[in-house]
Amino acid sequence: MAAPMKKMARRANLVFSSLLKVKCGLDRECMCSTRARLKTVRTSLHRNFSYAHASSSSFVNVSILERNLSLHPTNTIGNCYATLADRNCWNCGRKNGFEDERFFCKCGIIQEVPDDITYFNILGVEMTFDLDLARLRKNFMQYQMKLHPDKFSQKSQEEKQLADDQSAMVNNAYFTLLKPLSRGLYLLEQNGQTLEEGTVKMNNEFLLEIMELNEQIAEATNKETVIQLGKDNNSMLQKMEKKLSEAFKADNISLAKEILQEMKYYDNLDIKIKDLQREQGIVF
């Protein structure tokens, strides 16, 4: 192994060891994904070693690798977003900003998936429960057009793979933020909370009500009843969506968590009702 290669390997190992140490000591509410940095280590090592092997020159740009592997641990969404200012193009090595180079460097090459940022940042919308859905859809369509496979038919295999990764990331972001329940759960996660079993104590009266509604759905035999069940459940989901919006506006995360837990039950009822509507040929 040439001297520059050995030097790069030693530095990469040091960074990799540091990442593992930080990963073990991360606060559970840390918003920045250490897993994403570990992924960058593997990708950068593979790319640089492959380049050195194929090139007639023994030179390897160690400084670019070091910058790509830099770690910026943080517990805030804002800082997590800011770390992308240090992202370097894997092709030309220049530092690129996220806002105007979300998917492509100015050299024209598609970039790696920046999975240490939020779905809101990815789609260029405000981080709030009350999203501008029209803007969300507009941005989604615009980004997917840029990442369409047809635009990469003549590109390298690596660029094709990066385009697939970017496209999948945009899809995940869009469909997570599109629906109130999944958007609320994602916001809850960004606030360091999850709906793990046992973390929210459910009211017995509420559980009895859900049980009765399930029985009504199971016993529904005519279209009129099924249609009414759907209307009633949609009305309840809309009321809960409004309450959830107010909870997030007030930064009342514990209340938002309780509402989301109840919304999950009504969302499950909605799935059952829609299945029943399809079985009975009810089309809206």
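Above this text is the structure in question.
Residues numbered from 1 in each chain as written. Predicted model: local features only at pLDDT ≥ 70, side-chain atom pairs only at ≥ 80, totals over all residues. Heavy atoms only, no water.

Trainee: A description of the side chain of N233 should follow, citing residues and the corresponding values.
Mentor: With respect to the helices and strands, the residue N233 is situated in helix α10 (residues 223-249). Accessibility expressed as a relative area gives 5% for N233, which makes it buried. What N233 contacts, discounting residues up to four positions off in sequence, is Y266, L269, D270 and I273. (Helix = DSSP H or I, 4+ residues; strand = E, 2+ residues; numbered from the N terminus. Buried < 20%, exposed > 50% of the residue type's maximum accessible area, 1.4 Å probe, protein only. Contact = heavy atoms within 4.5 Å.)

Trainee: Report on the packing of aromatic side chains, specifying residues and quantitative values.
Mentor: Per the counting criterion, the structure on display carries 10 aromatic pairs. Judged by centre distance (6.1 Å) and plane angle (70 degrees), the ring pair of F140 and F175 falls under edge-to-face. Taken as a pair, F140 in helix α6 (residues 133-146) and F175 in helix α7 (residues 157-178) lie far apart in primary sequence, 35 residues in all. Residue classification places F140 among the buried positions, given a relative accessible area of 8%. Classification of F175 by relative accessible area gives partly exposed; the value is 48%. Three or more aromatic residues joined by ring pairs make a cluster, and in this case those are Y119, F120 and Y186. Sitting above the plane of the F129 ring, R183 keeps its charged end 5.0 Å from the centroid. (Phe/Tyr/Trp six-rings, centres within 6.5 Å; stacked < 30°, edge-to-face > 60°. Lys NZ or Arg CZ within 6 Å of the ring centre and 35° of its normal.)

Trainee: Break down the nonpolar core for me, citing the residues and quoting the values.
Mentor: Counting residues in each nonpolar core, the largest one holds 52 residues, and the members touching the most others are L123, V170, L177, L244, F248 and L260. Every element with two or more residues in this core is listed here: α5 (119-122), α6, α7, α8 (180-190), α9 (204-219), α10 and α11 (253-279). When residues in this core are grouped by element, the largest group, 9 residues, is from α11. Look past the residues within four positions of L123 in its chain and what remains in contact with it is L136, N139, F140, Y143, V170, A173, Y174 and L177. (Core = buried A, V, L, I, M, F, W, Y, C linked by side-chain atoms within 4.5 Å.)

Trainee: Can you lay out a negative patch on the surface for me, pointing to particular residues and giving the numbers?
Mentor: Together, E209, E212, E215 and E219 make up a region of like negative charge exposed at the surface. As for its placement among the helices and strands, E219 is situated in helix α9. (Patch = residues over 30% accessible without salt bridge, like charges linked within 9 Å, V, L, I, M, F, W, Y side chains within 5 Å. Areas by Shrake-Rupley, 256 points an atom, 1.4 Å probe, with all protein chains shown as cover. Salt bridge = Lys/Arg side-chain N within 4 Å of Asp/Glu carboxyl O. Lys, Arg positive; Asp, Glu negative; His and termini not counted. Charge placed at Lys NZ, Arg CZ, Asp CG, Glu CD.)

Trainee: Give a description of α9 that names residues and reports values.
Mentor: In a regular helix each residue adds 1.5 Å, so 16 residues correspond to 22 Å; α9 covers 23 Å between its end C-alpha atoms and thus fits that length. Of all the positions in α9, only F206, I210 and I217 are classed as buried. All buried residues of α9 project into a common sector of 40 degrees when viewed along the axis, lining one side. When the buried face of α9 is taken as reference, the exposed residues oriented beyond 90 degrees from it are N204, E205, A218 and E219. Where α9 is buried, its residues touch α10 and α11. The opening residue of α9, the one whose side-chain oxygen lies 2.7 Å from the backbone nitrogen of E205, is N203. (Expected span 1.5 Å × (residues − 1). Arc of directions from axis to C-beta. Polar contact = N/O pair within 3.5 Å; in protein donor to acceptor, adjacent residues only side chain to side chain.)

Trainee: So what's going on with the packing of α10 against α11? Which residues, and what values?
Mentor: Running from amino to carboxyl end, α10 crosses α11 at an angle of 160 degrees, the nearest separation of the two axes being 9 Å. The angle between the axes of α10 and α11 places the two elements in the roughly antiparallel class. Once α10 is placed against α11, the crossing between them reads as left-handed. Split by residue class, the contact of α10 with α11 holds 18 nonpolar, 4 polar and 4 charged. (Axes fitted to C-alpha atoms, helices over the stretch in contact; angles between N-to-C directions. Parallel < 35°, antiparallel > 145°, perpendicular 65-115°, else oblique. Left-handed = near helix turned anticlockwise from the far one by under 90°. Nonpolar A, V, L, I, M, F, W, Y, C, P; charged D, E, K, R; others polar.)

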